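Summary of the model geometry
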Amino acid sequence: MSIDKQESVKKLFTAQSAKVETNKGDAYYNELYDRCRARLDELKKLKPLNNRMDFMQSIEEEGLERRDFLKWASATTAMLMLPASFTPLVAEAAVMMNRLPVIWIELQDCAGNSEALLRSDGPKIDDIILDIISLEFHETLMAPSGHQAEKQLEDAVEHFKGKYLLFVEGSIPQGIDGHFGTIGAKAETFIDHTLRLAKDAAAVVAVGSCATFGGIPAAAPNPTDAVGVMDVVKGKPIINIPACPANPSNMVGVLLHYVLTGSIPELDSLLRPKFAFGYRIHDNCERRAHFDAGEYVEEWGDEGAKNNFCLYKVGCKGPMTFNNCSIIRYNEAVNWPIGVGRGCIGCSEPDFWDKYAYERPMANANIKAPTGGVEKTVDEFGLGLLTAAGIGIAIHAAASAVAGKKSEEV
Amino acid sequence: MKRMVIRQLIEKIEGEAELDYTFSEGRIEDVKINFGFYRGIEEILEGKDPKDALVITPRVCGICNHAHLIAAVRAIEDGYENAGVKIGLTQKAKNIREFTLACELLQNHIKWFYMTLLPNLEKYLKIVSEENHAMKATYFSTTITKALAIFSGQWPHSSYAIPGGVTCDPTQLDVMQAQSLLEECVRFFEQVVTACSLEKYLAIDSVSQLHKIEGDFGRLLHLLGSNGMAEMGQSYDRFIVFSDSFLSKAGKSIVTSVSKVDTRYVHESAQKGSVAKAVSYKNRLYETGPLARGMVSKEPIVKSLHKRYKDSLMTRVFARVHEVALLLEESRKLLKEIRVDEPSCTLEAELKLYEFEGTGTVEAARGSLIHKTTVNNGVIVKYDIITPTQWNLSHGNEKEKGIAVKAMVGSQSIEEADFIFRTFDVCSVCTAQ
Ligand code: SF4
Ligand code: SF4
């Protein structure tokens, strides 16, 4: 099943409607190709950092064939917004993933992203990649513990100075001088810990909504004065992979891009990789046809719910949430929240709790529409923001009027 | 010999803990368990819409997030009922909720067994094994969380349960897909964990038949037995369970006598030098979790082990792995009985109550989880989350040491104490919130 998924991932990412300023011209891609080629040749000379399983061997053990792997590579190339000619390079980079040292720390978190990583929600090959990356330090996954673990962390920092990617999970509490969060026998605060480890990192990857924008801990009244990594770490490349939990496919995407090009992927103004956060949930939502047709779930368990109608009126924030979970989905692509009739909560947006909040219907959410100001009604809001979908909204407004209902949210 | 305090950092649990061991005469005399962080989830909930708890509280913990969702939805439903609104969940909604909860417990137990317990035991006994424990854990948990996600949309952090039911409306095909994933887990349990059929395993009801268990579980039992560890790690022999479920009825058990409980007698208190609150029932400490469930519901095999080893780490470890079999068996029934044509949700969304007070309990992987919500003028004015680990891991009070502390006291080494500590399936993110 996961393999067929690849075909649809590729289709979606190469579809005309889904494009995010992709084509940068031949000269650009030729130069990039040469750069990637040279980098991979360099990497090939290095020994793998760990003697965990060999990549191709793992693929075989999972009962996958080379053909499956190449399918995956071409879908991933599309996802990273690279031309198809890069496919062989992407395949090569995946195999060399164990040349990249990764240090993973947990701060003010619920361990949900580690869980997501552990459960490897991504399609099979993403799992294997996460299995073979050289995780030099991760509290839950590594073998040593206690003082040994602390030493392993120090050794890894020393040994891979300037080379490792630092993954951070969880927000950073600033209150009472950072003492809402401390770590290790010396009770180092989370802030100091992060700064110290970020100093020698090649780049910092903030995983999950907590590490990126503060997440739930930063919801009002933000008792611990929690913030995301980018508010604390300065002078380092930072990549944000928000969502709660972050999608493992996106973690793999970032790693792969780094192995392949030696640089971080193109980011939006919130430092999110464009390949993953260049689209709105709404753009590829399976209930979109119902939105356009003006067919909505009005209350839980109603006929609309039974027919999988659009969840906009019960608070779905898909139209203003940038993320690719409508394509990638969760738990090995089995499902995603909208698939079970629960709307999107906008967890990959900054201040998601205070601004988006699931139970608050759109009109009461504190989100500023592009037209400025907080919009009042579903229809106004829709027309302001969703020009492409304006027709659907208009139909809906008409239908509501016929039914004698107010088209305003209550 | 002089007193000596050694501080040790414990990872490979969910989050981290620091343990300060006090040694006297070469034995551990006391242990202080510290959790190094705080988020303030209860404070964040104040002033919010009661239904916000359905999305916020699962974020307390990446491992038992689903239990938080169910506790939160039950707290609201209980509040509605107290205010005179009848809830009337359909059997379908009940079964789906129980099934997804069972999946969460299953993934937790197997992950704990393979990623925490076995490797730590091997470390303690200095055994080098070729086994890839993590791979086994991942395989099983990935499979069962896929079944969970069919109904809940994602795991961790789903919010598909709502007052009056669930939002999903599965087709028969969805149910069949879940069944096939579940059967895959049964197969794993039969072939790898116990090397014996589920049916045969469930017929084992006394210590004398334990030799029938082989596989990784059999190996673990053997290692504990042959290394003189079976009687280590005893605590007070007091157990508590707050939620009625197929795993256990609510009740408390002191040594072997079982009696009723009421959440009104649960008392939380601040602990000096820790952000984690301690919790007691009528001023006494109780152990919660699979062993408590086995004792309160008088599960024959658990009782048999208890007769021989008391509340030792052997009985405690056994009870948790044993639950995997019970959960698999019950999950089969739950799925089989889902009637897809019943309604998923029976309450209108418009229904908004402005004043209510409700309590929701649930049996989570590590024991009873309690949510209490008080709503005034349509917003939460007080929210209490009492997690299982607060029962097991508090320092205790002036009169008594905490449950896990008591189990570690008397150990001769940090390694020994550390292993005992981990038999409790420690979770720091829940304890500290
Ligand atoms: S972003 Fe979500 S999954 Fe991650 S630590 Fe925060 S609450 Fe947990
Ligand atoms: S509003 Fe939500 S449910 Fe409706 S089409 Fe958009 S993303 Fe999908």
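Residues numbered from 1 in each chain as written. Chains lettered and ligands numbered in written order. Predicted model: local features only at pLDDT ≥ 70, side-chain atom pairs only at ≥ 80, totals over all residues. Heavy atoms only, no water.

1. Section: the overall build of chain A
On a plain count of helices and strands, chain A comes out with 19 helices and 9 strands. In chain A, buried positions account for 63% of the 410 residues. Long-range pairs, those at least 24 residues apart, make up 74% of the contacts in chain A between residues at least 6 apart in sequence. For chain A, the exposed area adds up to about 15,200 Å²; of that, 54% sits on carbon and sulfur atoms. (Helix = DSSP H or I, 4+ residues; strand = E, 2+ residues; numbered from the N terminus. Buried < 20%, exposed > 50% of the residue type's maximum accessible area, 1.4 Å probe, protein only. Contact = heavy atoms within 4.5 Å. Areas by Shrake-Rupley, 256 points an atom, 1.4 Å probe, with all protein chains shown as cover.)

2. Re the packing of helix H4 (residues 66-79) of chain A against helix H5 (residues 87-95) of chain A
Two measures define how a pair of helices packs: the angle their axes make with one another and the distance between the axes. All names here are of chain A. Interaxial distance between H4 and H5 falls to 8 Å at its minimum, and their mutual angle equals 110°. Judged on the interaxial angle alone, H5 and H4 are roughly perpendicular. On the side of H4, the interface is formed by Phe69, Leu70, Trp72, Ala73, Ser74, Thr76 and Thr77, while H5 contributes Thr87, Val90, Ala91, Ala94 and Val95. Within the contact of H4 with H5, the residues separate by chemical class into 8 nonpolar, 4 polar and no charged. (Axes fitted to C-alpha atoms, helices over the stretch in contact; angles between N-to-C directions. Parallel < 35°, antiparallel > 145°, perpendicular 65-115°, else oblique. Nonpolar A, V, L, I, M, F, W, Y, C, P; charged D, E, K, R; others polar.)

3. Comments concerning the UniProt feature "binding site: Fe cation" (unreviewed entry) in chain B
Residues annotated in UniProt with the feature "binding site: Fe cation" (unreviewed entry) correspond here to Cys64 and Cys430 of chain B. Checked against the element boundaries, Cys64 of chain B lands in the loop between helix H2 (53-56) and helix H3 (65-82). (UniProt positions renumbered as here; feature names shortened; annotations may be inferred.)

4. Remarks on the packing of aromatic side chains
In the structure shown here, the tally under the stated rule is 24 aromatic pairs over all chains. Centre to centre, the rings of Phe99 of chain B and Phe151 of chain B are 5.7 Å apart; their planes meet at 80°, and the pair counts as edge-to-face. Of this pair, Phe99 of chain B sits in helix H4 (residues 91-124) while Phe151 of chain B is found in helix H5 (residues 133-152), placing the two residues 52 residues apart along the sequence. No difference in accessibility class separates Phe99 of chain B from Phe151 of chain B, as the two residues are buried. Ring pairs connect the aromatic residues Phe113, Tyr114, Tyr139, Phe140, Phe188, Phe217 and Phe318 of chain B, which therefore count as one cluster. For the cation-ring pair, Arg39 of chain A lies above Tyr258 of chain A, with the distance from its terminal atom to the ring centre recorded as 5.5 Å. (Phe/Tyr/Trp six-rings, centres within 6.5 Å; stacked < 30°, edge-to-face > 60°. Lys NZ or Arg CZ within 6 Å of the ring centre and 35° of its normal.)

5. Describing the UniProt feature "binding site: Ni(2+)" (unreviewed entry) in chain B
All names here are of chain B. As annotated in UniProt, the feature "binding site: Ni(2+)" (unreviewed entry) corresponds to Cys61, Cys64 and Cys427 in the numbering used here. A maximum C-alpha distance of 9.6 Å is found for the annotated residues, which run over 367 residues; spatially they form one tight group. With respect to the helices and strands, Cys61 occurs in the loop between H2 and H3. For Cys61, a relative accessible area of 0% corresponds to the buried category. Note on Cys64: relative accessible area 6%, which makes it buried.

6. Brief notes about the site of ligand 1
Taken together, Asp109, Cys110, Gly112, Asn113, Gly208, Ser209, Cys210, Ala243, Cys244 and Pro245 of chain A together with Arg59 and His157 of chain B are the residues near ligand 1. Looking at the residues close to ligand 1, they fall on chains A and B. Looking at the shell around ligand 1 element by element, the count peaks at 3 residues for helix H11 (residues 208-213) of chain A. For the shell around ligand 1, the per-class residue count stands at 5 nonpolar, 5 polar and 2 charged. (Near = heavy atom within 4 Å.)

7. Regarding the site of ligand 2
Lining the immediate surroundings of ligand 2 are His282, Cys285, Arg287, Arg288, Phe291, Cys310, Leu311, Tyr312, Cys316, Gly318, Pro319 and Ile338 of chain A. Class assignment of the residues belonging to the shell around ligand 2 gives a composition of 8 nonpolar, 2 polar and 2 charged.

8. Considerations on the sheet that holds strand E7 (residues 251-254) of chain B
Residue and element names in this part refer to chain B. The 3 strands lie next to each other as E6-E7-E8, forming an open sheet whose pairing is antiparallel. Each edge of the open sheet is held by one strand with a lone partner, namely strand E6 (238-241) and strand E8 (257-259). Each adjacent strand pair in this sheet contributes to an overall mean axis angle of 15°, direction not counted. Sheet analysis places E6 next to E7, joined by 4 bridges and oriented antiparallel. The partner of Ile240 across the bridge, within E7, is Lys252. (Pairing = 2+ DSSP bridges.)

9. Some words on unusual backbone geometry
For the peptide bond that leads from Ala220 of chain A to Pro221 of chain A, omega is 5°, which places it in the cis range. In this fold, Pro221 of chain A is placed in the loop between H11 and strand E8 (226-227). A cis amide bond links Cys244 of chain A with the next residue in sequence, Pro245 of chain A, at an omega value of 0°. Mapped onto the elements, Pro245 of chain A comes out in the loop between strand E9 (238-241) and helix H12 (248-261). Positive phi is not limited to glycine here, since Asp237 of chain B has a value of about 60°. Secondary-structure assignment places Asp237 of chain B in the loop between helix H8 (215-226) and E6. By relative accessible area, which is 8% here, Asp237 of chain B ends up buried.

10. Examining the pairing of strand E3 (residues 165-169) of chain A
Residue and element names in this part refer to chain A. Across the 5 residues of E3, 5 count as buried, placing the element largely inside the fold. Judged by which residues are buried, E3 turns out to be covered on both faces: Leu165, Phe167 and Glu169 on one side and Leu166 and Val168 on the other are all buried. Two strands pair when backbone bridges link them, and strand E1 (residues 101-106) and E3 are joined in this way by 5 bridges, in the parallel orientation. Residue pairing across strands places Ile105 opposite Val168, the latter belonging to E3. As judged from the 5 bridges shared by E3 and strand E7 (residues 203-207), these two strands associate in the parallel manner. Paired with Leu166 across the two strands is Val204, which belongs to E7.

11. Quick look at the pattern of salt bridges
If you walk through the whole model with that rule in mind, you get 38 salt bridges over all chains. The shortest N-O distance in the salt bridge between Arg97 of chain B and Glu77 of chain B comes to 2.8 Å. Taken together, the residues Arg97 of chain B in helix H4 and Glu77 of chain B in helix H3 connect sequence positions 20 residues apart. Accessibility expressed as a relative area gives 7% for Glu77 of chain B, which makes it buried. Glu363 of chain B is the salt-bridge partner of Arg293 of chain B, the closest N and O atoms lying 2.7 Å from each other. In this pair, Arg293 of chain B sits in helix H9 (residues 290-296) while Glu363 of chain B sits in strand E11 (residues 356-364), placing the two residues 70 residues apart along the sequence. Put simply, Arg37, Asp41, Lys44 and Glu92 of chain A are held in one network by salt bridges that share partners. (Salt bridge = Lys/Arg side-chain N within 4 Å of Asp/Glu carboxyl O.)

12. Remarks on the pairing of E7 of chain B
Residues and elements named next belong to chain B. Bridge count for E7 against E8 is 3 bridges, and the pairing is antiparallel. Opposite Ile254, over in E8, you have Ser257 as the bridge partner. Once E7 ends, the chain turns through 2 residues before running back antiparallel as E8, passing Val255 with a positive phi of about 55°.

13. Points about the side chain of Thr77 of chain A
All names here are of chain A. Structurally, the position occupied by Thr77 is in helix H4. Overall, Thr77 belongs to the buried group, its relative accessible area being 1%. Not counting residues up to four positions away in its chain, the partners in contact with Thr77 are Leu82, Pro83, Phe86, Thr87 and Val90.

14. Describing the sheet that holds strand E12 (residues 367-376) of chain B
In a beta sheet, neighbouring strands pair by backbone hydrogen bonds and run either parallel or antiparallel. Residues and elements named next belong to chain B. Read across the open sheet, the 3 strands follow the order E11-E12-E13; overall the sheet is antiparallel. Bordering the open sheet on either side are E11 and strand E13 (379-386), each of which pairs with just one other strand. Strand-to-strand, the axes of this sheet are offset by a mean angle of 15°, without reference to chain direction. Pairing geometry for E12 and E13, over 7 bridges, is antiparallel. Paired with His371 across the two strands is Ile385, which belongs to E13. Sheet strands touched by H3: E11, E12 and E13. Its angle to E11, the strand with the most contacts, is close to 145°.

15. What to know about the nonpolar core
Among the nonpolar cores identified, the biggest contains 153 residues, and Phe217 and Met408 of chain B are the most heavily contacted of them. Element by element, the count of residues in this core is highest for H4 of chain B, at 16 residues. Residue-level mapping places this core at the junction of two domains, with at least three residues from each of domain 1 (3-277) and domain 2 (281-409) of chain A. With near-sequence residues (within four places) excluded, Phe217 of chain B lies in contact with Phe113, Val193, Thr194, Tyr201, Phe318 and Val321 of chain B. In this structure, Leu80, Ala246, Leu267 and Phe277 of chain A belong to the second largest nonpolar core, which totals 50 residues. (Core = buried A, V, L, I, M, F, W, Y, C linked by side-chain atoms within 4.5 Å. Domains from an automatic or database assignment.)

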